[in-house]
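Spelled out from the first residue to the last, the chains are:
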Amino acid sequence: MPKPDLDPLLASAAGRFGTPAYVYVTDAIDTRLADLRATLGQWFALSYAMKCNPNPALLSWLEPRVDLIDVSSGGEFALACAAGWAPDRASFTGPAKRDAEVQATIAAGLGELVLESLREAQAANRIAAALGRVQPVLIRLAPDRVPKGFGDHMAGRPSPFGIDIEDAPEILPQILALPHLRVIGLHIYSGTQCLKPAAIAENWRIFLQIFRDTCAAQGLTPQKLVFGSGLGIPYHPGDTPLSLPDIAADIGPDLSAFRSEPRFAQTKLVLELGRFLVGEAGYFVTRVISTKASRGSRLAICDGGMNAHLAASGNFGMVLRRNYVMHKVGGGIGEEKVDLSGPLCTSIDKIGGGVLLPPLAEGDLIALHTSGAYGPTASPLHFISHPTPREILAEGGQLRDVTRIAPALPTPG
Ligand SMILES: Cc1ncc(COP(=O)(O)O)c(C=O)c1O
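Residues numbered from 1 in each chain as written. Predicted model: local features only at pLDDT ≥ 70, side-chain atom pairs only at ≥ 80, totals over all residues.

- You'll find the protein chain entered in an unreviewed UniProt entry as Diaminopimelate decarboxylase, with Gemmobacter aquatilis given as the organism.
- Database annotation for the protein chain, UniProt heading Cofactor (unreviewed entry): "pyridoxal 5'-phosphate". (UniProt positions renumbered as here; feature names shortened; annotations may be inferred.)

If you want it as structure tokens, here you go:
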């Protein structure tokens with residue numbers, strides 16, 4: 001059930017700024033940060049993977065609160081810098097970096113380039129040489145297995161991401177020999193959207209072993225080791241939120257033992273995470289344009305659907321579409337089963353099937369939860385040229401329009 005002060009906030013955001021709208025509640029991110037620091041902070045610094053939500057105002061809000069930032073393109077790097085992040089706090093991941101991006105980020109003083117292949121290392125070495133630099137780099141490794149329980153796998157199978165761990169003995173010495181790159185550590189991001197503490201702990205145990213073995217084999221004393229967190233969030237009714245204390249209790253002794261090994265005594269361990277930081281702080285608010293009874297079903301057709309929130313339509317990497325947790329803003333008496341669609345002329349524009357909600361009428365607002373990550377920038381916003389969603393930052397109850405993406409046409413009225 002939503003908190004009592006949430007609905008007035010969402011209704012006010014929709015009323016003042018229009019719908020569809022994403023509302024990002026910063027108090028919820030503050031709480032999440034405090035929980036992360038309290039449970040895992042003794043071992044890890046935090047790096048925000050901005051791909052999940054690159055809203056400039058949010059980036060500025062996060063800048064004094066989170067240690068590091070991970071960018072995955074030259075565009076993200078530019079956004080982070082414009083939002084106030086010092087370039088040397090950024091790492092740059094991504095499997096298809098262009099020379100121009102590598103050149104621009106190195107020239108601007110990027111913290112670490114995360115190398116995903118030998119080809120990329122050789123190109124970066126050439127570029128750094130031309131700039132008269134020695135660029136700090138991390139080498140991204142792809143483990144040969146990911147435990148069960150992750151919603152998406154970036155390793156453990158053929159994958160564009162990182163260097164397969166089987167190939168590391170052959171490739172790493174070649175990277176280490178490149179004179180304009182300084183290998184300061186390793187990076188692994190092998191799976192995400194996991195809601196099982198034991199699977200998270202098992203995955204990090206795999207990382208620890210790989211870090212140990214690789215550093216020993218290559219004679220590396222790393223400054224930094226990045227753990228791709230894999231921490232998931234409860235999108236759907238019945239999902240159990242992750243317990244950070246359970247993860248800490250499971251993996252804590254292993255992390256402490258690792259840190260006590262002489263090779264890693266000075267190593268900074270970094271947890272790279274996106275959705276877990278901001279996902280649950282975001283609500284997607286869409287307004288019912290029309291209702292319809294059709295062949296025994298109740299339908300509500302809304303002003304924002306798949307075009308504004310691809311993930312909620314189940315088309316962003318979900319095998320079977322499942323409803324997001326959602327509620328009718330302001331509540332109501334009774335419940336009925338309703339199918340929710342968006343404004344697009346396609347049957348895949350569906351953001352709810354058989355959802356139990358108070359009876360809906362034209363003008364009602366529906367709030368989809370867990371919408372703070374992979375929202376507007378991960379959606380086909382321009383398909384059919386409907387108004388693009390507003391983005392609203394709610395800081396301690398104050399609302400601010402922080403919309404980044406301009407609509408195809410100015411919203412009439
Ligand atoms: C390299 C890397 N870092 C970070 C993330 C962020 O993942 P999440 O938002 O699930 O935490 C991803 C997800 O695809 C990734 O590939």
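Continuing now.
1. Here's the deal with the site of the ligand
Piece 1. Lining the immediate surroundings of the ligand are 16 residues, of which A49, Y189, T192, G274 and R275 lie closest.
Piece 2. Of all elements in the fold, only β10 (191-194), β12 (268-273) and α10 (275-278) reach the threshold of two or more residues within the shell around the ligand.
Piece 3. Taken together, the residues of the shell around the ligand break down into seven nonpolar, six polar and three charged. (Near = placed C-beta within 6 Å. Helix = DSSP H or I, 4+ residues; strand = E, 2+ residues; numbered from the N terminus. Nonpolar A, V, L, I, M, F, W, Y, C, P; charged D, E, K, R; others polar.)

2. Brief notes about the nonpolar core
Piece 1. Ranked by size, the top nonpolar core spans 122 residues in total, and within it L10, V23, I139, V285 and A367 carry the most contacts.
Piece 2. Broken down by element, this core gets its largest block of residues, eight residues, from helix α8 (residues 197-218).
Piece 3. When residues are assigned to domains, this core turns out to be shared by domain 1 (86-273) and domain 2 (280-401), each giving three or more.
Piece 4. The residues touching V285, leaving out its near neighbours within four places in the chain, are L10, A13, A14, T19, P20, A21, V23, V329, L365 and A367. (Core = buried A, V, L, I, M, F, W, Y, C linked by C-beta atoms within 7 Å. Buried ≥ 20, exposed ≤ 12 C-beta atoms within 10 Å, placed from the backbone. Domains from an automatic or database assignment. Contact = placed C-beta atoms within 7 Å.)

3. A few points about the environment of A281
Piece 1. Along the chain, A281 turns up in the loop between α10 and β13 (282-294).
Piece 2. On the basis of neighbour count, A281 is assigned to the buried category, with 23 C-beta atoms found within 10 Å.
Piece 3. Once the C-alpha coordinates of A281 and A201 are considered, the two residues, 80 residues apart in sequence, prove to be 25 Å apart.
Piece 4. Those residues within four positions of A281 in sequence are excluded, and the remaining contacts are Y24, V25, T26, A28, I29 and G372.

4. Some thoughts on the domain arrangement of the protein chain
Piece 1. Its domain assignment divides the protein chain into domain 1 (86-273) and domain 2 (280-401).
Piece 2. Taking only C-alpha atoms, the centre of domain 1 and the centre of domain 2 are 35 Å apart.
Piece 3. Listed as interface residues are six residues of domain 1 and, on the opposing side, seven residues of domain 2.
Piece 4. Grouping the amino acids of the side of domain 1 that touches domain 2 by side-chain chemistry returns four nonpolar, one polar and one charged.

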